[in-house]
Amino acid sequence: MSKFSKADFHVHSSFSLDSMTHMFEMCEAAIARGLTSVCFTEHVEFDPADFGYGFFDYDRYRAGIQEARARYGHILRIGMGAEVSFTSKKVDEIRDFLANHEFDFVLGSLHMIDELFIGGDEYFEGRTEEEVYAPYWAELAAMASSGLFKRIGHLDYLKQAHPPTWGPFSFEHWQDHIARALEAILASGATIEVNTSGIRKGLGEPFPSWEIIELYKALGGVSVTMGSDAHRPWHVAGYFDIVGARLEQMGLAVLGPETLSPGFDQ
Ligand SMILES: [Zn+2]
Ligand SMILES: [Zn+2]
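Residues numbered from 1 in each chain as written. Chains lettered and ligands numbered in written order. Predicted model: local features only at pLDDT ≥ 70, side-chain atom pairs only at ≥ 80, totals over all residues. Heavy atoms only, no water.

### Points about the coordination of the zinc ion (ligand 1)
- Coordination of the zinc ion (ligand 1) by the protein involves Glu83 (OE), His111 (NE2) and His154 (NE2), with metal-donor separations of 2.1 Å.
- Read in sequence order, the donor residues coordinating the zinc ion (ligand 1) give the pattern E-x27-H-x42-H.
- Between the zinc ion (ligand 1) and the zinc ion (ligand 2), both coordinated by Glu83, there is a metal-metal distance of 3.4 Å. Separated by 43 residues along the polypeptide, His111 in the loop between strand S4 (105–109) and strand S5 (112–113) and His154 in the loop between strand S7 (151–152) and helix H6 (171–187) bring together distant segments of the chain.
- The buried category is assigned to His111, whose relative accessible area is 6%.
- Taking the relative accessible area as the measure of exposure, His154 reaches 1% and is therefore buried. (Donors = N, O, S within 2.8 Å, 3.2 Å for Na, K, Ca; no water. Helix = DSSP H or I, 4+ residues; strand = E, 2+ residues; numbered from the N terminus. Buried < 20%, exposed > 50% of the residue type's maximum accessible area, 1.4 Å probe, protein only.)

The following block contains the structure:
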């Protein structure tokens, strides 16, 4: 495995409602794939409409991480991270939560808008393309300008539910909105995640798209983290070699295990 693919920064275990995989199985999968580091990013929800709301248990999670480190820590650097679902309605609550809980790495991600899951048909039904995407980019910019996150997860996640009848997603049409969100991300000192689950889900590219990654670079982005968004052991580090090679070709630095050093991400 190549040098840029040693750390998977987006892995869920059974501490997330939507994964049934034990943390140990994820660690073993990471070791088998030749990784030197894995960062768990369990879901933390703030929107009561989210089906995972209330599931996350910080103390149990921390105990689980300690057990995993005791077992695999000599060969695998294990990060205790979180994937926080941002909603602009709960900024103060999220800020309080992050101030009172310690993590090694925190991804800010969008999963819900108007109390609907944006990765599925329910958010798209009855809306025009304008009504789907404009609020999404606005919420993304709000997340960036909140300054809550140094890492922004799967930036164009909603494209997985883009209806085929609309034709391909038009990057040109939305470029200004996307640029504004990226500028807010960069102004807040954050970096984006390149999430390879887009390829796993058959979209042919990661989240975000290569066009958006190019724009990020053009606007001054220099580094990214890579994450597989694994929910099953066989997802770990999926497509890291091809995606990592392309990122390197573009001149973007792929952050490695040193990102999990204490204090690096604060
Ligand atoms: Zn997510
Ligand atoms: Zn995730």
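### Examining the packing of aromatic side chains
- Overall, the coordinates contain 20 aromatic pairs when judged by the stated rule.
- Pairing Tyr58 with Phe103 gives two aromatic rings, centres 5.4 Å apart and planes at 90°, and the pair type is edge-to-face. Linking Tyr58 in helix H2 (residues 58–72) with Phe103 in the loop between helix H3 (91–100) and S4, this pair joins segments that are 45 residues apart in sequence.
- Tyr58 sits in the buried class, given a relative accessible area of 11%.
- Both rings, one in Tyr123 and one in Phe124, keep their centres 5.8 Å apart while their planes meet at 85°; by these two values the pair is edge-to-face.
- Here the aromatic residues Tyr123, Phe124, Tyr133, Tyr136, Trp137, Trp166, Phe169 and Trp174 are joined through ring pairs into a cluster of three or more.
- Positioned above the aromatic ring of Trp210, the side-chain terminus of Arg246 is 4.2 Å from the ring centre. (Phe/Tyr/Trp six-rings, centres within 6.5 Å; stacked < 30°, edge-to-face > 60°. Lys NZ or Arg CZ within 6 Å of the ring centre and 35° of its normal.)

### Considering the coordination of the zinc ion (ligand 2)
- The protein atoms donating to the zinc ion (ligand 2) are His10 (NE2), His12 (NE2), Glu83 (OE) and Asp229 (OD), with metal-donor distances spanning 2.1 to 2.3 Å.
- The coordination sphere of the zinc ion (ligand 2) comprises 4 donor atoms, whose angles at the metal cover 80 to 173°; the geometry is irregular.
- Accessibility expressed as a relative area gives 6% for Asp229, which makes it buried. (Tetrahedral: all angles 85-135°; square planar, octahedral: opposite > 155°, others 65-115°.)

### Some details on the environment of His10
- By the element assignment, His10 lies in strand S1 (residues 7–11).
- With relative accessibility at 0%, the residue His10 sits in the buried group.
- Along the sequence, His10 and Leu247 sit 237 residues apart, while their C-alpha atoms lie 17 Å from each other.
- Here Glu83 takes part through its side chain, which lies 3.1 Å from a polar atom of the side chain of His10. (Polar contact = N/O pair within 3.5 Å; in protein donor to acceptor, adjacent residues only side chain to side chain.)

### Here we look at the sheet that holds strand S3 (residues 77–85)
- The strand order S1-S2-S3-S4-S7-S8-S9-S10 describes an open sheet built from 8 strands, whose pairing is parallel. The open sheet has two edge strands with one neighbour each: S1 and strand S10 (253–254).
- The pairing of strand S8 (residues 191–195) with strand S9 (residues 223–227) spans 4 bridges and is classified as parallel. In the strand pairing of S9, Val194 is matched with Met226. (Pairing = 2+ DSSP bridges.)

By themselves, these are just geometric observations and shouldn't be taken as functional.
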